[in-house]
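# Examination of the molecular architecture
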Amino acid sequence: MARYLPATAGQLVLRAAPGDGPLGPWTGLGVLALWTALALGAGWWRLRRHDV
């Protein structure tokens, strides 16, 4: 499960050889983007809920 955490996925984007990790560079970028979208969505939801 640790390979899908943002730090690990972000490091895979910067690797020169695509076969170095459990995910490829583009998949790592996708996982990192998904974590970013989830964090922004949770923040937006919390802010909307709190301000009402």
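Structure report, in brief.

### A short note on the overall build of the chain
On a plain count of helices and strands, the chain comes out with two helices and zero strands. The buried share of the chain, taken over its 52 residues, is 12%. About 4,200 Å² of surface is accessible on the chain, with carbon and sulfur atoms providing 68% of the total.

### Some words on a nonpolar patch on the surface
On the surface, Met1, Tyr4, Leu5 and Trp35 cluster together into a nonpolar patch covering about 460 Å² of accessible area. Checked against the element boundaries, Tyr4 lands in the segment before helix 1 (6–13). Taking relative accessible area as the criterion, Tyr4 reaches 35% and is therefore assigned partly exposed.

### With respect to the environment of Thr27
Along the polypeptide, Thr27 turns up in helix 2 (residues 25–51). For the pair formed by Thr27 and Leu12, sequence separation is 15 residues and the distance between their alpha carbons is 8.6 Å.

### As for helix 1
Turn by turn, an α-helix covers 3.6 residues, leaving residues three or four places apart pointing in a common direction. Residues Ala9, Gly10 and Leu12 constitute the buried set of helix 1. Projection of helix 1 onto a plane perpendicular to its axis shows the buried side chains occupying an angular sector of 155°, all on one side.

Each value, and the rule that gives it
- Residues numbered from 1 in each chain as written.
- Predicted model: local features only at pLDDT ≥ 70, side-chain atom pairs only at ≥ 80, totals over all residues.
- Heavy atoms only, no water.
- Helix = DSSP H or I, 4+ residues; strand = E, 2+ residues; numbered from the N terminus.
- Buried < 20%, exposed > 50% of the residue type's maximum accessible area, 1.4 Å probe, protein only.
- Areas by Shrake-Rupley, 256 points an atom, 1.4 Å probe, with all protein chains shown as cover.
- Patch = residues over 30% accessible without salt bridge, like charges linked within 9 Å, V, L, I, M, F, W, Y side chains within 5 Å.
- Salt bridge = Lys/Arg side-chain N within 4 Å of Asp/Glu carboxyl O.
- Arc of directions from axis to C-beta.

Coordinates in, geometry out; function isn't part of it.
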